[in-house]
Amino acid sequence: MIRTGRTGRGYALRGAAVVAVVAMAGVTAGCKEQPAAGASAAPSAPAGSSSPADDAKPGGSASPSESAEPEPKEPVEASPKPTATRTTPTADPQGKVLMASGARGEQVRELQARLRQIGHFDRSPTGYYGTVTVAAVQSFQGKRGLARTGKTDTVTWQKLLGMTHEPTAAELNPPATRPVAKPDKRCLTGRVLCISKNSRTLSWMIDGKVVSSMDVRFGSQYTPTREGTFSVYWKSRHHVSSIYHTAMPYAMFFSGGQAVHYSSDFAARGYNGASHGCVNVRDEGKIASLFAQVRTGDKVVVYK
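Since the model is a prediction, treat every value here as computed from it, not as a measurement.

Q: Is there a simple way to think about the packing of helix α3 (residues 106-117) against helix α4 (residues 131-143) in this case?
A: For any two helices packed against each other, one specifies the inter-axial angle together with the distance between the axes. Packing of α3 against α4 brings their axes to within 11 Å, and their N-to-C directions diverge by 50°. Regarding the angle of α3 to α4, the classification is oblique. The way α3 lies across α4 gives a crossing that is left-handed. Residues L111, Q112 and L115 of α3 pack against T133, A136, V137 and F140 of α4.

Q: I'm lost on the pairing of strand β7 (residues 234-240) in this one. Help?
A: With six bridges joining them, β7 and strand β8 (residues 247-255) adopt antiparallel strand pairing. Note that in β8 the partner of W234 across the bridge is F253. The turn linking β7 back onto β8 is made up of six residues, and H245 within it adopts a positive phi angle of 60°.

Q: Can you help me understand the sheet that holds strand β4 (residues 201-206) in this one?
A: Two pairing modes exist for strands in a sheet, parallel and antiparallel, and in both the strands are linked by backbone hydrogen bonds. Taken in spatial order, the nine strands make up an open sheet running β6-β11-β3-β4-β5-β10-β9-β8-β7, and their pairing is mixed. Two strands in the sheet have a free side with no partner beyond their single neighbour: β6 (228-231) and β7. Taking the axes of each pair of neighbouring strands and ignoring which way they run, one obtains an average angle of 30° across the sheet. When β4 meets strand β5 (residues 209-217), the two strands line up antiparallel, connected through six bridges. Across the sheet, residue L202 finds its bridge partner in β5, namely M214. Set on the sheet, helix α8 (residues 284-293) makes contact with β3 (191-196), β4, β5, β7, β8, β9 (258-262) and β10 (279-281); between it and β8 the angle comes to about 50°.

Q: Explain the nonpolar core to me, please; I cannot follow it from the model alone.
A: Nonpolar side chains tend toward joint burial in soluble globular proteins. Within the largest apolar cluster, 25 residues are counted, with the highest numbers of intra-cluster contacts made by L193, I195, L202, M252, V260, L290 and V300. If we ignore the near neighbours within four places in the chain, the residues touching L202 are L193, C194, I195, S212, S213, M214, V216, V260 and L290. One finds V108, V134, A136 and L160 within the second-largest nonpolar core, a separate group that totals twelve residues.

Q: So what exactly am I meant to see when it comes to the packing of aromatic side chains here?
A: Aromatic ring pairs are described here by two measures, namely the spacing of the ring centres and the angle between the planes. The tally for this structure, following the rule as stated, stands at five aromatic pairs. Arranged with centres 5.1 Å apart and planes meeting at 20°, the rings of W234 and F253 form a pair that is stacked. With a gap of 19 residues between them, W234 in strand β7 and F253 in strand β8 connect regions that are remote in the sequence. Accessibility expressed as a relative area gives 41% for W234, which makes it partly exposed. On the basis of relative accessible area, F253 is assigned to the buried category, the value being 4%. Considering the side-chain rings of F266 and Y271, the 5.1 Å spacing of their centres and the 65° angle between planes classify their relative orientation as edge-to-face. Residue class for Y271 comes out partly exposed when judged on its relative accessible area of 27%. Grouping aromatic residues by their ring pairs yields a cluster made of Y233, W234 and F253. The aromatic ring of F291 is capped on one face by K235, whose charged end is 4.4 Å from the ring centroid.

Q: Looking at this structure, how should I read the pattern of salt bridges?
A: Pairing between side chains of opposite charge can happen when their charged atoms approach one another. The final tally for this structure, using the stated rule, is ten salt bridges. Among the salt bridges present, the one from R186 reaches D184, with a minimum N-O distance of 2.8 Å. By relative accessible area, which is 32% here, R186 ends up partly exposed. Residue D184 is classed as buried on the basis of its relative accessible area of 18%. As a salt-bridge pair, D215 and R282 come within 2.8 Å of each other at their nearest N and O atoms. Of this pair, D215 sits in strand β5 while R282 sits in the loop between β10 and α8, and the two are 67 residues apart along the sequence. R282 matches D215 in its accessibility class, with the two residues each being buried. Ionic contacts of the salt-bridge type, sharing partners, join the residues E106, R109 and D283 into one network.

Q: Would you mind showing me how to read helix α5 (residues 154-163) here?
A: An α-helical turn contains 3.6 residues, so any two residues separated by three or four positions project in the same direction. Of all the positions in α5, only T156, W157 and L160 are classed as buried. Projected down its long axis, α5 shows its buried positions confined to an angular sector of 95°, all on one face. Residues of α5 that are exposed and point over 90 degrees away from its buried face: Q158 and G162. Contact partners of the buried residues in α5: β1 (97-99), α3, α4 and β2 (152-153).

Cut-offs applied
- Residues numbered from 1 in each chain as written.
- Predicted model: local features only at pLDDT ≥ 70, side-chain atom pairs only at ≥ 80, totals over all residues.
- Heavy atoms only, no water.
- Axes fitted to C-alpha atoms, helices over the stretch in contact; angles between N-to-C directions.
- Helix = DSSP H or I, 4+ residues; strand = E, 2+ residues; numbered from the N terminus.
- Parallel < 35°, antiparallel > 145°, perpendicular 65-115°, else oblique.
- Left-handed = near helix turned anticlockwise from the far one by under 90°.
- Contact = heavy atoms within 4.5 Å.
- Pairing = 2+ DSSP bridges.
- Core = buried A, V, L, I, M, F, W, Y, C linked by side-chain atoms within 4.5 Å.
- Buried < 20%, exposed > 50% of the residue type's maximum accessible area, 1.4 Å probe, protein only.
- Phe/Tyr/Trp six-rings, centres within 6.5 Å; stacked < 30°, edge-to-face > 60°.
- Lys NZ or Arg CZ within 6 Å of the ring centre and 35° of its normal.
- Salt bridge = Lys/Arg side-chain N within 4 Å of Asp/Glu carboxyl O.
- Arc of directions from axis to C-beta.

What follows is the structure, encoded as structure tokens:
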């Protein structure tokens, strides 16, 4: 009897321990990781939706009757997968993409010059693949029965090469799209960046002669580009605006924070945008050449 009593008490103690373990497991499973301070809690999943763990179980969780079903003693041979469900990726029918939005360089300039030869690009080549170039490529592709992706793939490029001639130097780097204005009299002596607001052009002049010219745009009515006579006081090849945190490549500062610099937004959108007061240049190749020639102290004239 004493032995039986000890055994009964032992089972009772073991039972109590099991209950305690089960209770502790229930508390742990019910805990949720708290979001970090200031973060909003993730929304609860709607009724009927699968939890992340269900991703590994197509068809949802098994019902109690299914989970109670004993494992088969004999291995079940898996039926072969139908071959129709296995697909092999096919090659892009238009070939490899050579250029797309955001690209820049001499090949982009050639693309634009060739598109201009057959009437699909209505401005001077800029060397930047922006929205205007995408639209021009789409136009060309649509006329030739190709998918209008706006990307220059090998098929599009070969088709374009077959319909155009190799661009000349003048076609690759033509004068400014807009007629160059008659220079202000202040531009006729010395080394001058002669900038006309009316014609929206910049002429690089040395002793009264135009060395190069390019299209430019200016600040909006709320952030106008200052007019007057200034001088280049600082050059910064890879400048980034500390106010607007935007790139200002080939920046040549002439009045406070206002500078002549390349603008990829201008190259992409043209005169649909405006600067915060700077003189934006659309053609990266031209301003790169200009940046190499201009010296600190050279004159800048901004006039209407």
